[in-house]
2 protein chains.
Amino acid sequence: MFRNRMPHYEVLSADAMATLDKGWRRLVSELGVEFMSQRALDLLAAEGQKVEGDNVKFDPDWILAQVAKAPREFDLQARNPEHSVHVGGDAMAFGAVYGPPFVRQGDVRRDATMEDFRNFTKLAQSFPVLDSAGGVICEPNDTPLDSRHLDMTYALATLTDKPFMGNVVSGPNARDTIELTSILLGGSAGREAGRASMEQTPALISLINCNSPLRWDDRMLDSLFEYAEANQAVVLTPFILMGAMSPVTIPAALVQQIAEALTGIALAQTIRPGCPVVFGSFLSNIDMQSGSPTFGTPESGMGLLCTGQIARHFGLPFRSGGTLTSSQVPDAQAGYEALMTLLPTFLAGTNWVMHSAGWLEGGLVAGYEKFIVDVELLQMMRAEFTPLEIDEASLAFGAHEEVGAGGHFLGAMHTMERFRTCFYRPLLSSSDNYEKWSRNGGLDAAARASKIYADRLESYEQPPLDEAIRQEMEEFVVRRRKELGD
Amino acid sequence: MFRNRMPHYEVLSADAMATLDKGWRRLVSELGVEFMSQRALDLLAAEGQKVEGDNVKFDPDWILAQVAKAPREFDLQARNPEHSVHVGGDAMAFGAVYGPPFVRQGDVRRDATMEDFRNFTKLAQSFPVLDSAGGVICEPNDTPLDSRHLDMTYALATLTDKPFMGNVVSGPNARDTIELTSILLGGSAGREAGRASMEQTPALISLINCNSPLRWDDRMLDSLFEYAEANQAVVLTPFILMGAMSPVTIPAALVQQIAEALTGIALAQTIRPGCPVVFGSFLSNIDMQSGSPTFGTPESGMGLLCTGQIARHFGLPFRSGGTLTSSQVPDAQAGYEALMTLLPTFLAGTNWVMHSAGWLEGGLVAGYEKFIVDVELLQMMRAEFTPLEIDEASLAFGAHEEVGAGGHFLGAMHTMERFRTCFYRPLLSSSDNYEKWSRNGGLDAAARASKIYADRLESYEQPPLDEAIRQEMEEFVVRRRKELGD
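- Named according to an unreviewed UniProt entry, chain A is Methyltransferase originating from Nocardioides aurantiacus.
- Listed under Sequence similarities (unreviewed entry) in UniProt, the entry text for chain A is "Belongs to the trimethylamine methyltransferase family."

Rendered as structure tokens:
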């Protein structure tokens with residue numbers, strides 16, 4: 001997996017950080033945070049926090065003591081050990097887009113289906129630059145709602161051998177996801193062995209969103225309880241579009257983010273001390289004229305840089321970023337907004353990166369062509385964030401002696417020895433001259449991306465899986481679907 | 001003008017810098033650099049440098065002593081003092097694309113004309129985010145070659161009131177450019193007063209490219225002599241596509257760049273000690289499979305970050321970056337490659353940024369739509385590279401008290417007071433929902449950009465200029481054109 005050994009780009013002074021620190025302490029202690037779950041309220045009350053109705057006013061130092069119980073970094077196991085990932089430190093892991101109800105394929109925008117879900121899962125499997133297919137890559141609208149989580153988890157488990165994200169629609173859904181995963185990991189040793197292995201090293205990582213501002217909802221908290229109790233990783237994520245879910249000033253949003261993320265993490269550590277957690281951030285802003293969410297904005301870029309520094313300040317792995325855009329189609333705007341998000345993602349040393357491939361139209365659409373654009377961006381960023389090795393030999397004095405002033409290095413010995421690997425080789429970008437490009441149909445990046453994803457789906461190979469395990473998973477899905485009345 | 005008060009992103013360790021320092025010293029002293037100009041060779045010989053034929057082997061310490069005579073930063077005057085710029089320090093100035101023989105307008109790619117040159121000049125004048133129209137925004141192929149510099153300079157001087165770049169095709173062209181500019185600045189006080197004013201505070205900044213590797217050509221050096229003698233700013237720029245004009249390793253290209261830029265700067269300081277110079281860099285790579293130049297690559301991004309740090313190491317203003325791309329059309333690739341260049345341009349604290357708007361197809365094409373894409377990027381980057389002000393008030397505690405948990409900030413007092421200016425407002429990007437976007441024609445960014453540039457040209461207003469000055473400039477152009485036989 002990718003290790004980002006480049007320096008972090010840190011933009012907050014010690015003074016600024018101290019001001020933010022005072023801010024979140026004031027928010028959690030004076031205004032408090034709402035938890036729409038009696039179990040959560042009981043636990044927090046038992047820990048001496050001030051519970052009034054759904055509101056909890058916190059002792060900030062108790063929060064920090066809980067946060068200190070969380071591991072600074074952890075491993076996340078895949079069924080193929082070669083695809084297990086590390087979360088935290090200088091490790092960066094990337095997953096596909098999460099949540100879109102629609103897909104775009106060329107000029108067609110339509111409801112997403114289970115077929116689309118499988119296609120995107122296959123694409124995520126086929127590109128090494130993606131560490132995970134993610135979770136809800138798109139909503140399979142043609143499957144029954146109550147058992148959809150079973151279909152998605154089954155597809156993620158069988159079509160990829162990479163780690164994936166757990167369903168968070170409800171507590172029972174979370175339990176089903178854990179069951180299916182323990183079958184998958186147990187192998188011939190059986191489900192209990194799988195469950196034990198998961199408890200040892202988490203296999204699921206799940207997105208627990210805050211209903212910002214300052215409220216944790218019941219279904220999300222039910223899922224949090226299931227996953228934390230099973231020692232599975234959770235990403236506690238304030239979901240903030242500044243101007244709607246937070247004040248319009250970035251510092252206010254940062255403070256709110258800390259208050260939300262840390263209270264969620266403190267609860268997780270109360271449920272199961274030491275369980276793996278991630279400081280999540282989903283921070284952008286709305287267009288104040290139309291009220292539309294906007295992505296790839298200067299404000300979201302700045303917010304991302306700050307939040308990475310803040311997560312490190314609290315010693316926690318950090319989730320944010322991706323290839324976000326408001327654009328409706330994979331055009332120039334989609335290209336630059338995606339990179340407006342992804343470059344700060346790398347500069348901030350983000351550890352768990354959701355929405356890394358396929359995000360379009362403010363996250364409402366999973367785009368086939370956009371998926372390919374984003375894979376190209378991920379590959380380029382990895383190349384750019386690989387530190388130079390600078391030593392005497394790298395200066396190639398001999399090549400200069402060979403070529404001389406005004407000469408050409410293309411045929412030099414130094415070049416011949418390195419030309420295959422010296423530069424990044426693009427997947428999508430074209431540097432063809434105009435004549436060649438025209439001869440090949442004059443295709444823009446989106447049109448070329450169409451061919452690339454189709455080829456990839458064509459050449460996709462399913463990773464091997466023991467037939468007995470697959471059958472046991474299928475039986476579980478069939479049984480649970482029946483129980484759920486679908 | 002824009003001041004970049006964000007931290008520099010520095011990626012070279014002290015050890016790495018020391019290795020690069022040893023490298024350029026070895027190159028200039030053991031291999032030397034070629035100067036295809038007897039005047040240059042004579043000057044350098046007189047200074048005790050080892051001249052053999054066109055080759056000069058340098059004492060690196062003499063180079064550093066010459067470099068130390070250059071100002072660390074300087075002002076560049078415009079005919080409208082409000083548009084004068086500062087070059088160096090935390091100042092960043094942006095100019096349009098430079099050099100393309102072709103233009104692209106929608107689906108049409110064709111030879112550039114004087115009409116296109118005027119159009120792009122007008123666009124550069126109309127966007128405050130551009131500090132300069134640049135110089136050869138495109139080649140006006142329908143004007144006579146020998147007097148084309150007169151037409152371009154006249155257009156730049158009359159259609160904008162911002163500073164512009166000097167012609168460098170030959171020594172006489174440079175003299176003509178200086179003459180025209182002294183008429184422009186002299187006003188009623190006359191040409192001599194204009195010339196004196198220019199000597200006091202430079203009005204022209206000109207691109208002197210190295211014929212990399214390690215050779216300075218005669219015409220460029222003739223132009224350098226003219227501008228340096230007149231105390232006009234020069235941007236000494238190694239022109240390196242790694243793999244062709246330098247070895248394929250980035251450290252080797254960096255060392256070569258230093259050797260080339262510093263020898264050019266040392267010569268400029270020998271011609272006129274203290275004349276304003278800029279450490280230039282034009283650094284990308286070729287595709288090793290096809291030999292095509294590529295832009296917006298990971299290697300060029302890394303090179304840019306390193307070179308900014310290197311220029312500061314030598315205490316010199318720095319030119320690089322822009323919105324470069326290999327893409328043939330203003331598509332997703334053009335969007336992300338432009339930002340792949342522009343974001344490092346800001347991270348590196350680049351002072352003079354050529355090719356900031358309109359660059360397409362490896363610099364062969366000036367694109368009308370791409371110009372608008374790039375203005376959007378420039379505006380976004382300026383917003384993103386504006387440090388946050390973080391104080392108690394910015395945390396908006398009162399807004400939280402007003403809104404409460406689970407609430408909505410859109411109507412909050414804190415929001416109402418700030419909603420007009422709190423976030424960047426896009427020129428081109430759309431966050432319209434799908435229905436509204438479809439109703440408006442379902443236009444992608446390129447199609448929307450077409451409308452924007454047409455509107456801008458429609459509403460362009462020529463900046464006022466004294467008719468006597470304009471006439472004197474026109475008379476100069478007419479006379480010189482005749483003398484040049486066009």
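Here the narrative resumes.
**Quick notes on the nonpolar core**
- Residues Phe-35 and Phe-279 of chain A together with Phe-35 and Phe-279 of chain B are the most contacted members of the largest nonpolar core, which totals 321 residues.
- If near-sequence neighbours (up to four positions away) are discounted, Phe-35 of chain A is found in contact with Ala-40, Leu-41, Leu-44, Asp-54, Val-56, Phe-58, Trp-216, Leu-221, Thr-263 and Leu-267 of chain A.

**Looking at the relation of the copies chain A and chain B**
- Superposing chain A onto chain B takes a rotation of 180 degrees plus a shift of 0.0 Å along the axis, which leaves an RMSD of 0.0 Å. What the superposition gives is, in effect, a two-fold axis relating one chain to the other. Across chain A, the rotation axis passes nearest the C-alpha of Ala-332 of chain A, at a separation of 2.0 Å.
- Both copies contact each other with a shared surface, as 100% of the interface residues of chain A are interface residues in chain B too.

**Details of the interface of chain A and chain B**
- On the side of chain B, 117 residues touch chain A, which itself brings 117 residues to the contact.
- Interface of chain A and chain B: buried area, both sides summed, is about 9,400 Å²; carbon and sulfur atoms make up 69% of it.
- Connecting chain A to chain B are two salt bridges.
- Close ionic contact of Glu-392 of chain B with Arg-26 of chain A constitutes a salt bridge, the shortest N to O distance being 3.4 Å.

**A look at the pattern of salt bridges**
- The full count for this structure, using the stated rule, is 54 salt bridges over all chains.
- Asp-61 of chain A serves as the salt-bridge partner of Arg-25 of chain A, at 2.9 Å between the closest nitrogen and oxygen. One end of the pair, Arg-25 of chain A, is in helix α1 (residues 14-31); the other, Asp-61 of chain A, is in helix α3 (residues 60-67), and 36 residues separate them in sequence.
- Classification of Asp-61 of chain A by relative accessible area gives partly exposed; the value is 44%.
- Between Arg-191 of chain B and Glu-179 of chain B there is a salt bridge, with the nearest N and O atoms lying 3.0 Å from each other. Of the two residues, Arg-191 of chain B is situated in helix α7 (residues 191-200) and Glu-179 of chain B in helix α6 (residues 171-186); the sequence distance between them amounts to twelve residues.
- Linked through salt bridges whose partners overlap, the residues forming this network are Asp-176, Arg-479, Arg-480 and Glu-483 of chain A.

**Observations concerning the packing of helix α12 (residues 368-384) of chain B against helix α16 (residues 445-459) of chain B**
Residues and elements named next belong to chain B.
- Two elements in contact, α12 and α16, have axes separated by 8 Å at closest approach and are oriented at 90 degrees. Put simply, α12 runs roughly perpendicular to α16. Across from Tyr-368, Glu-369 and Ile-372 in α12, the residues of α16 making contact are Ala-446, Ala-449, Ser-450, Ile-452, Tyr-453 and Leu-457.
- Considered class by class, the residues forming the contact of α12 with α16 number seven nonpolar, one polar and one charged.

**With respect to the side chain of Asp-151 of chain B**
All names here are of chain B.
- With respect to the secondary-structure elements, Asp-151 resides in helix α5 (residues 148-159).
- Overall, the relative accessible area of 12% leaves Asp-151 in the buried class.
- A distance of 2.8 Å separates a polar atom in the side chain of Asp-151 from a polar atom in the side chain of Arg-481.

**What to know about the pairing of strand β11 (residues 204-210) of chain B**
All names here are of chain B.
- In terms of burial, β11 is largely enclosed, as seven of its seven residues are buried.
- Here β11 shows no split at all, with Leu-204, Ser-206, Ile-208 and Cys-210 on one side and Ile-205, Leu-207 and Asn-209 on the other all buried.
- Pairing geometry for strand β10 (residues 164-165) and β11, over two bridges, is parallel. Bridge pairing in β11 links Met-165 to Ile-205.

**Describing the packing of aromatic side chains**
- Counted according to the given criterion, the structure contains 31 aromatic pairs over all chains.
- Relative to Trp-359 of chain A, the ring of Phe-282 of chain A has its centre 6.1 Å away and its plane inclined at 45 degrees; by these criteria the two rings are tilted. Of this pair, Phe-282 of chain A sits in strand β15 (residues 282-286) while Trp-359 of chain A sits in strand β19 (residues 359-360); the two residues are 77 residues apart in sequence, bridging distant segments of the chain. As far as the burial class goes, Phe-282 of chain A and Trp-359 of chain A line up, both buried.
- Here the aromatic cluster, defined as three or more aromatic residues joined through ring pairs, consists of Phe-120, Phe-127, Tyr-368, Phe-371 and Tyr-453 of chain A.
- In this arrangement the basic side chain of Arg-39 of chain B is found over the ring face of Phe-225 of chain B, its NZ or CZ atom lying 4.0 Å from the centre.
- Residue placement shows Arg-109 of chain B over the ring face of Tyr-434 of chain A; its charged tip is 3.9 Å from the ring centre.

**Quick notes on the pairing of strand β13 (residues 233-242) of chain B**
Residues and elements named next belong to chain B.
- Burial analysis of β13 places nine of its ten residues in the buried class, which makes it a mostly covered element.
- Strand direction decides the pairing type here: β11 and β13, joined by six bridges, are parallel. Within the sheet, the bridge partner assigned to Ser-206 lies in β13 and is Val-234.
- Across three bridges, β13 lies against strand β14 (residues 277-280) in parallel orientation. Note that in β14 the partner of Leu-236 across the bridge is Phe-279.
- Regarding topology, helix α9 (residues 250-271) serves as the crossover connection from β13 to the parallel β14, and that connection is right-handed.
- In terms of strand pairing, β13 meets strand β15 (residues 282-286) through four bridges, oriented parallel. Bridge assignment links Leu-241 to a residue of β15, and that residue is Ser-284.

Thresholds, definitions, all that
Residues numbered from 1 in each chain as written. Chains lettered and ligands numbered in written order. Predicted model: local features only at pLDDT ≥ 70, side-chain atom pairs only at ≥ 80, totals over all residues. Heavy atoms only, no water. UniProt positions renumbered as here; feature names shortened; annotations may be inferred. Core = buried A, V, L, I, M, F, W, Y, C linked by side-chain atoms within 4.5 Å. Buried < 20%, exposed > 50% of the residue type's maximum accessible area, 1.4 Å probe, protein only. Contact = heavy atoms within 4.5 Å. Least-squares fit on C-alpha atoms with pLDDT ≥ 70 in both. Buried area = accessible area lost by both parts, 1.4 Å probe. Salt bridge = Lys/Arg side-chain N within 4 Å of Asp/Glu carboxyl O. Helix = DSSP H or I, 4+ residues; strand = E, 2+ residues; numbered from the N terminus. Axes fitted to C-alpha atoms, helices over the stretch in contact; angles between N-to-C directions. Parallel < 35°, antiparallel > 145°, perpendicular 65-115°, else oblique. Nonpolar A, V, L, I, M, F, W, Y, C, P; charged D, E, K, R; others polar. Polar contact = N/O pair within 3.5 Å; in protein donor to acceptor, adjacent residues only side chain to side chain. Pairing = 2+ DSSP bridges. Phe/Tyr/Trp six-rings, centres within 6.5 Å; stacked < 30°, edge-to-face > 60°. Lys NZ or Arg CZ within 6 Å of the ring centre and 35° of its normal. Right-handed = clockwise from strand over helix to strand, strands pointing away.

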